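Results of the structural survey
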Amino acid sequence: MSDNTSEVPRGIHADAVTQWILDHVEGLEAPFTFALITGGHSNLTYSVDDAAGRRIVLRRPPLGAVLATAHDMGREHRIISALVPTDMPVPRTLAHCDDESVNDAPFYLMDYVEGVVLATAQTVQDSVPEGQREALGERVIEVLATLHSIDPDDVGLGKLGRKDGYIERQLKRWSIQWEKSKTRELPAMENVHRLLEERVPEQIGSAVVHGDYRLGNMLVTPDDAGVAAVLDWELCTLGDPMADVGYLMNDWAPPGSEGVQLTGSPTSAGGFPSRERMMERYAELTGRDTSLVPYYRAFQAWRLAAIGEGVLARYLKGVMGGEGDTEGMKKSVETRAELALELLEA
């Protein structure tokens, strides 16, 4: 099987995984070459190249102990599999392994999709002609509207989660995970949580909510302004679709500013539709009212701060398969909490 185990990245037991793939996925030829795909800070993603040149993708949880509900490979595999037959652009899933004796943790396999991840303004400048950016922005909001138009019951996701009380449930979930993960006291987080609880808007309808919908979690095809695949479904659930809109708008920064990801929003490269146009287009496609998006932006900034603290805690424990800028992570959590407070106070 694997004759190159010295070059296999952490998180992969090459021989056992190779045998499992051969037993469960047709058309692949050993030996396989495994490589960690950089860019992720939660679940780990690897490319798997077979002897004939075919490439697939393997996803598994972080190394070591993690929060029990945050890295469910079976759930993530189920969500993507359910969306494959719809108009949502997602990779085709291939197999799911829940036998932890194979690789110390569950994992799943899916097709490799060609495309560019637009994580920063620089990647946009390098990859997407300015004349294509307006159309790409329109496509991004159209795909989100498509997701929110899918009836969860029609695709077998009706029991993925409760459909009502989304914000209340999310506030409880991320407050608990903040308490479990926090590496220091941060009063702004508690202040924002209190204000968010006091001002929860009425939920109008429900949908499949991605939970991390942004350009940095997509594979795009710059030449035709297309979205080849939406990735990273680990935070997906059922609930208030406006939460996805608020999240996307946080990262949809105008030129000269940065989004809530704090890595240089891709849209700050210029040439994309404005936030106002994106929300207008979403309302046109879905019929939904976008007037309360500022609340959802504040909620998402706070939630992302809680998620970021969890990532920081895992890096400090050394379970992420590499080193990270932990001081930068601390600052980003604080900045997101402050942004949430500003949005609520405004």
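Heads up: the structure comes first, above all this text.
Going along each chain's sequence as written, the residues are numbered from 1 onward. Reporting in this predicted model follows two pLDDT cut-offs: at least 70 for local features of residues, and 80 or more for side-chain atom pairs to be given and counted; totals over whole chains, interfaces and linings ignore these cut-offs and use all residues. Excluding hydrogens and water, the side-chain values take into account all heavy atoms of the structure.

**Observations concerning the nonpolar core**
Quick reminder of the rule: Residue types Ala, Val, Leu, Ile, Met, Phe, Trp, Tyr and Cys, when buried and joined through side-chain atoms within 4.5 Å, form a set referred to as a nonpolar core. Buried, partly exposed and exposed residues are distinguished by accessible area as a fraction of the type maximum, computed with a 1.4 Å probe on protein chains only: under 20%, between the cut-offs, and over 50%, respectively. Starting at the N terminus, helices and strands are each numbered in turn, a helix being any DSSP run of H or I of at least four residues and a strand any DSSP run of E of at least two. Whether two residues touch is decided by their heavy atoms; if any such pair falls within 4.5 Å, the residues are in contact.
Counting residues in hydrophobic clusters, the biggest one holds 78 residues, and the most contacted among them are Leu136, Val140 and Trp233. Sorting elements by how many residues they give to this core places helix H10 (residues 293–317) first, with eleven residues. Those residues in contact with Val140 that sit more than four places away from it in its chain are Tyr213, Leu215, Met218, Val227, Leu248, Trp252 and Met278. Ile12, Phe34, Leu44 and Leu312 belong to the second-largest nonpolar core, a separate cluster that totals 25 residues.

**A short note on the pairing of strand E5 (residues 107–111)**
Definition in use: Being paired, for any two strands, means DSSP has found at least two bridges between them.
Within E5, five of the five residues are buried, which leaves it mostly tucked inside the rest of the structure. Where strand E3 (residues 55–60) lies against E5, four bridges are found, and the strand directions are antiparallel. Looking at the pairing, Leu58 lines up with Leu109 of E5.

**Things to note about the pattern of salt bridges**
For clarity, the cut-off: A pair is scored as a salt bridge if a Lys or Arg side-chain nitrogen falls within 4 Å of a carboxyl oxygen belonging to Asp or Glu.
In total, this model carries 22 salt bridges according to the counting rule given. The shortest N-O distance in the salt bridge between Glu76 and Arg59 comes to 2.7 Å. In this pair, Glu76 is assigned in helix H2 (residues 73–83) and Arg59 in strand E3, connecting sequence segments 17 residues apart. Neither Glu76 nor Arg59 differs from the other in exposure class; each is buried. In this structure, Asp212 and Arg214 form a salt bridge, with 3.1 Å as the shortest nitrogen-oxygen distance. Under the relative-accessibility criterion, Asp212 is labelled buried at 13%.

**Some remarks on unusual backbone geometry**
The linkage connecting Ala30 with the following residue, Pro31, adopts the cis geometry, with an omega of 0 degrees. The residue Asp104 is not glycine, and still its phi comes out positive at about 70 degrees. A relative accessible area of 51% means that Asp104 is categorised as exposed. Although it is not a glycine, Asp232 adopts a positive phi angle of roughly 55 degrees. In this fold, Asp232 is placed in the loop between strand E8 (226–230) and strand E9 (237–239).

**A look at the sheet that holds E5**
Sheet strands associate in pairs through backbone hydrogen bonding, adopting either a parallel or an antiparallel arrangement. Defined as follows: For helices, the axis comes from a line fit to the C-alpha atoms of the stretch in contact; other axes are also lines fit to C-alpha atoms, and the angle between any two N-to-C directions lies between 0 and 180 degrees.
Strand order across the open sheet formed by five strands is E1-E2-E3-E5-E4, with antiparallel pairing between neighbours. The sheet is open, and its two borders are formed by strand E1 (33–36) and strand E4 (93–97), each paired with just one other strand. The sheet shows a mean angle of 25 degrees between the axes of neighbouring strands, taken without regard to direction. Note that strand E2 (residues 44–49) and E3 share six bridges and pair antiparallel. Residue pairing across strands places Tyr46 opposite Leu58, the latter belonging to E3.

**With respect to helix H8 (residues 242–251)**
Most of H8 is tucked away, with ten of its ten residues classed as buried. By the burial criterion, the buried members of H8 are Met242, Ala243, Asp244, Val245, Gly246, Tyr247, Leu248, Met249, Asn250 and Asp251. Lining the buried residues of H8 we find helix H5 (130–149), helix H6 (166–181), strand E6 (207–209), helix H9 (275–286), H10 and helix H11 (326–345).

**Description of the environment of Ile167**
Relative to the helices and strands, Ile167 resides in helix H6. Residues Ile167 and Asp240, 73 residues apart in the sequence, show an inter-C-alpha distance of 7.3 Å. Dropping the residues within four chain positions of it, Ile167 is found in contact with Val200, Tyr295, Tyr296 and Phe299.

**Thoughts on the side chain of Thr18**
Rules: Think of a polar contact as two N or O atoms within 3.5 Å of one another; within protein, one of them needs to be a possible hydrogen donor and the other a possible acceptor, and neighboring residues in sequence only count if both atoms come from side chains.
The topology assignment puts Thr18 in helix H1 (residues 14–24). Here Ala14 takes part through its backbone oxygen, which lies 2.7 Å from a polar atom of the side chain of Thr18.

**Quick notes on the side chain of His148**
With respect to the helices and strands, His148 occurs in helix H5. Judged by its relative accessible area of 4%, His148 falls in the buried class. A polar atom in the side chain of His148 sits 2.8 Å from the side chain of Tyr282. Ignoring sequence-local partners within four residues, the contact set of His148 consists of Ala207, Val208, Pro241, Asp244, Tyr282 and Arg288.

**Overview of the packing of H6 against H10**
Which entries qualify depends on this criterion: For this classification, under 35 degrees means roughly parallel, over 145 means roughly antiparallel, 65 to 115 means roughly perpendicular, and everything else is oblique. Crossing handedness is read from the near helix: turned anticlockwise from the far helix by less than a right angle, it gives a left-handed crossing, and turned clockwise, a right-handed one. Charged means Asp, Glu, Lys or Arg here, nonpolar means Ala, Val, Leu, Ile, Met, Phe, Trp, Tyr, Cys or Pro, and polar covers whatever is left, Gly included.
It is the contact of H6 with H10, at a shortest axis distance of 9 Å, that shows an interaxial angle of 30 degrees. Taken as axis vectors, H6 and H10 run roughly parallel relative to one another. Here the hand of the crossing between H6 and H10 comes out left-handed. On H10, the residues that touch Tyr166, Ile167, Gln170, Leu171, Trp174, Ser175, Trp178 and Ser181 of H6 are Tyr295, Tyr296, Phe299, Trp302, Arg303, Ala305, Ala306, Ile307, Glu309, Gly310 and Ala313. Here the residues of the contact of H6 with H10 are counted per class, giving 13 nonpolar, four polar and two charged.

**Concerning the packing of H5 against H8**
H8 packs onto H5 with a crossing angle of 160 degrees between their chain directions and a minimal axis gap of 11 Å. Classified by the angle between their axes, H5 and H8 sit roughly antiparallel to one another. Crossing of H5 over H8 shows right-handed handedness. Judged by residue contacts, Val140, Ile141, Leu144, Leu147 and His148 of H5 engage Asp244, Val245 and Leu248 from H8.

**Comments concerning the packing of aromatic side chains**
Inclusion rule: Put simply, two rings from Phe, Tyr or Trp (the six-membered ring, in Trp's case) pair if the centres are within 6.5 Å, and we call them stacked under 30 degrees between planes, edge-to-face over 60, tilted for the rest. Note on criteria: charge over ring means Lys NZ or Arg CZ within 6 Å of the ring centre, with the direction from the centre no more than 35 degrees off the ring normal.
Tallied over the full model, the rule gives four aromatic pairs. Between Trp20 and Phe107 the ring centres are 5.2 Å apart and the planes differ by 75 degrees, which places this aromatic pair in the edge-to-face class. Taken together, the positions of Trp20 in helix H1 and Phe107 in strand E5 put the pair 87 residues apart, joining distant regions of the chain. As far as burial versus exposure is concerned, Trp20 and Phe107 are alike and both buried. Seen in terms of ring centroids, Tyr295 and Tyr296 are 5.6 Å apart; in terms of plane orientation they differ by 85 degrees. Their pairing is edge-to-face. Judged by its relative accessible area of 3%, Tyr296 is buried. Its guanidinium or amino end placed over the ring of Tyr112, Arg55 lies 5.1 Å from that ring's centre, counting from NZ or CZ.

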